Amino acid sequence: VTKMHKTVSDPLELAKPLKLIDGATKWWKMWSLGLRPAYHARNVVGNLWNAYNIGGMGPTDAHRFKQAIDIQRMSAIAPDTAAGRVAEGVLRTGKFRGKINVGKFGEHSNEDIWKMAQQDGILNRGQYGLGGDVGRQVENYAIKDAPANKAASLAQWVTPITKNKLLHGGFAAGTALENNTRLALYLATLSKTGSRQAARNNVKKALFDYKDLSPFEQNTLKRFIPFYTWSRKNIPAQIEALIKNPQRGVKVDHLIDNIQYGVDTPSLE
């Protein structure tokens, strides 16, 4: 009785099977998805749909994706001198240049937009990022799990564990694509509202903050329901969008009808 009581009540004892479950779930998620282009492509399409259907982006906001790409590209260029951290999770500030016009929010440098996006929790908070449904933040991997020598580095190209370089390369690409949509929606909302708070809330509503869970959800439901966070946040958001802005979803039907206009119904054979 004493041993059984300890097993079900002692945090140290409970941590052992939970650690095993977490490790197995993480391995399964990463290897079943990380190297599949179709998975990353579906995520891109899903993010674009959410930015439109929930976030309110439209064709006139398309140039925001190019601006987001430029900001991300500049952030990846190492600065001439060492730079301090802007916010938690930032490895470097990069080498920025130029300004962009953000509508009602005014004209700002690309570096200022990058810093604001970091401070407002826009980047690396999605499905790929820290606390997301899949894997771990790639930046954390680079800091904490970097190989100690050349032999270890070569081994990480073929290892079947979650430290595999190809695997992390897939998630790095997925993270960049996801951050691009998040940053583009942030810019579009800043342009329309002139408010950082409104832009932050819109990104969180449309593309979600995967760290925003209750302790019970984080420690229990997320462990035993694969991709719980995405389902928990996406299903209510889609229903709300269809009720509040049905015209956005109907435009897809109109597009299909126009493409098929004048074409006879195909034979079932």
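Right above here is the structure, for reference.
Residues numbered from 1 in each chain as written. Predicted model: local features only at pLDDT ≥ 70, side-chain atom pairs only at ≥ 80, totals over all residues. Heavy atoms only, no water.

**Comments concerning the pattern of salt bridges**
Okay, so step 1: Scanning all chains against the criterion turns up 13 salt bridges.
Okay, so step 2: The closest approach of N and O atoms between Lys-204 and Asp-212, which form a salt bridge, is 3.4 Å.
Okay, so step 3: One salt-bridge network, in which partners are shared between bridges, spans Lys-66, Asp-70 and Arg-73. (Salt bridge = Lys/Arg side-chain N within 4 Å of Asp/Glu carboxyl O.)

**Some words on unusual backbone geometry**
Okay, so step 1: Residues other than glycine seldom take positive phi values, yet Asn-124 does so here, at roughly 60°.
Okay, so step 2: Residue class for Asn-124 comes out buried when judged on its relative accessible area of 8%.
Okay, so step 3: Unlike most non-glycine residues, Phe-227 shows phi in positive territory, near 55°.
Okay, so step 4: Among the secondary structure elements, Phe-227 is positioned in the loop between helix H10 (215-224) and helix H11 (228-244). (Buried < 20%, exposed > 50% of the residue type's maximum accessible area, 1.4 Å probe, protein only. Helix = DSSP H or I, 4+ residues; strand = E, 2+ residues; numbered from the N terminus.)

**Topic: helix H9 (residues 196-207)**
In an α-helix, one turn spans 3.6 residues; hence positions three or four apart end up facing the same way.
Okay, so step 1: In this model H9 runs 16 Å from its N-terminal to its C-terminal C-alpha over 12 residues, within 8% of the 16 Å that 1.5 Å per residue would give.
Okay, so step 2: Restricting attention to buried positions, one finds in H9 the residues Ala-199, Asn-202, Val-203, Ala-206 and Leu-207. Considered in projection along H9, the buried side chains sweep an arc of 100° and stay on one side of the axis.
Okay, so step 3: The inward-facing, buried residues of H9 contact helix H3 (37-53) and helix H8 (165-193).
Okay, so step 4: Sitting at the amino-terminal end of H9 is Ser-195, which places a side-chain oxygen 3.3 Å from the backbone nitrogen of Gln-197.
Okay, so step 5: Among the residues trailing H9, Phe-208 stands out with phi positive, at a value near 75°. (Expected span 1.5 Å × (residues − 1). Arc of directions from axis to C-beta. Contact = heavy atoms within 4.5 Å. Polar contact = N/O pair within 3.5 Å; in protein donor to acceptor, adjacent residues only side chain to side chain.)

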